[in-house]
Amino acid sequence: MNLNQLKKKAAWAALDYIYPNTIVGVGTGTTIFYFIEALSTVKNLIYGAVSSSSSSTSLLKKQGIKVFNLENFSSLTIYVDSADEINNCMQMIKGGGGALTREKIIATMAKKFICIIDKTKKVNVLGKFPLPVEIIPMALSYILQEMVKIGGIPKYRKNFVTDNGNIIIDVYNLYIKDPLSMEKKINSLPGVVTVGIFASRSADVILVGTRNGIKTINKKSRLKEIEKH
């Protein structure tokens, strides 16, 4: 069973968390494409969706799912998205697809954040996947220097502009033992729109596609497990 099949398993499993008459927050990425496909099978039971990117919006509309503007809502019942990396505390790196800012906004507004991944995305320590940082263009030189100071090797993501009209740098060579502190530190830098660490808003449920089926990790049970150790 290849990784795409594992992603598809996790995506379809997320339907168990979709309730009738709700508006579903939808993330971005290859795993989410499978989720949108799955969501289309229950589109008559939900009101519609809010989307984190133009690519997801296009696919949702193609599947006949109504897309609402997020600014019309103060909260959402559920948000479904994937991760580039996720640790044992359910904190993650996101933004490989460039939609990290809108993803973080929707995740923060959602009462429940469901993260759907294949088994390769689980890690003990974040940082092997390059950390995306969305910045305003004039801050490029400054932010590159600041990323070097924290031990990173930053690279400007060429020929890419976010849906917000900004640019992204990807920071390599990081070993993020304290994601929450790192998130706050980078977010505090002038010119940073947001960093792709999701620690202050981590996942509530992780659905992991494996060859043996779906492994479900819940935040409450995971916190109890950590406390025991």
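Residues numbered from 1 in each chain as written. Predicted model: local features only at pLDDT ≥ 70, side-chain atom pairs only at ≥ 80, totals over all residues. Heavy atoms only, no water.

Engineer: Break down the nonpolar core for me, with residues and values.
Structural biologist: Core analysis: the biggest nonpolar cluster contains 24 residues, and Ile 18, Val 26, Phe 35, Leu 39, Val 80 and Ile 116 have the highest contact counts within it. Those elements that provide at least two residues to this core are α1 (3–13), β1 (23–26), α2 (30–39), β3 (76–81), β6 (110–118) and β12 (205–210). Broken down by element, the residue count for this core peaks at 5 residues, all from α2. Each residue touching Ile 18, except ones within four places of it in the same chain, is listed here: Val 24, Phe 35, Leu 39, Ile 46, Ile 78 and Val 80. (Core = buried A, V, L, I, M, F, W, Y, C linked by side-chain atoms within 4.5 Å. Buried < 20%, exposed > 50% of the residue type's maximum accessible area, 1.4 Å probe, protein only. Helix = DSSP H or I, 4+ residues; strand = E, 2+ residues; numbered from the N terminus. Contact = heavy atoms within 4.5 Å.)

Engineer: Tell me about the domain arrangement of the protein, and please be specific about residues and values.
Structural biologist: Domain assignment breaks the protein into domain 1 (3–122 + 200–218) and domain 2 (131–196). Distance between the C-alpha centres of domain 1 and domain 2: 24 Å. The interface is formed by 17 residues belonging to domain 1 together with 19 residues belonging to domain 2. Approximately 1300 Å² of surface area, both sides summed, lies buried where domain 1 meets domain 2, with 48% of it carried by carbon and sulfur atoms. (Domains from an automatic or database assignment. Buried area = accessible area lost by both parts, 1.4 Å probe.)

Engineer: So what about the UniProt feature "active site" (unreviewed entry) in the protein? Which residues, and what values?
Structural biologist: Feature annotation in UniProt assigns "active site" (unreviewed entry) to the following positions: Glu 103. For Glu 103, the location among the structural elements is in helix α4 (residues 100–109). A residue is classified by how much of its surface remains accessible, and Glu 103, at 3% relative accessible area, is buried. Leaving out residues up to four positions away in the same chain, Glu 103 has contacts with Thr 28, Ser 52, Tyr 79, Asp 81, Lys 94, Gly 95 and Phe 198. (UniProt positions renumbered as here; feature names shortened; annotations may be inferred.)

Engineer: Could you give an account of helix α6 (residues 179–187), naming the residues involved and the relevant values?
Structural biologist: Within the sequence span of α6, burial applies to Pro 179, Met 182, Glu 183 and Ile 186. The arc enclosing the buried residues of α6, seen along the axis, measures out at 100°, which places them on a common side. On its buried side, α6 packs onto α4, β7 (131–135), α5 (140–149), β10 (192–195) and β11 (197–198). (Arc of directions from axis to C-beta.)

Engineer: Could you give an account of the packing of aromatic side chains, with specific residues and numbers?
Structural biologist: Overall, the coordinates contain 2 aromatic pairs when judged by the stated rule. With a centroid separation of 6.0 Å and an interplanar angle of 85°, the aromatic rings of Phe 68 and Phe 73 are classed as edge-to-face. Judged by its relative accessible area of 25%, Phe 73 falls in the partly exposed class. Consider the rings of Tyr 79 and Phe 113, whose centres lie 5.2 Å apart with planes at 40°: the pair is tilted. Here Phe 113 lies in strand β6 and Tyr 79 lies in strand β3, a separation of 34 residues in the sequence. (Phe/Tyr/Trp six-rings, centres within 6.5 Å; stacked < 30°, edge-to-face > 60°.)

Engineer: Account for the sheet that holds strand β5 (residues 92–93), with residues named and values stated.
Structural biologist: In spatial order, the strands read β4-β5-β11; together these 3 strands make up an open sheet with antiparallel pairing. Where the open sheet ends on each side, the last strands, each with one partner, are β4 (85–86) and β11. Sheet analysis places β4 next to β5, joined by 2 bridges and oriented antiparallel. Residue pairing across strands places Ile 86 opposite Met 92, the latter belonging to β5. (Pairing = 2+ DSSP bridges.)

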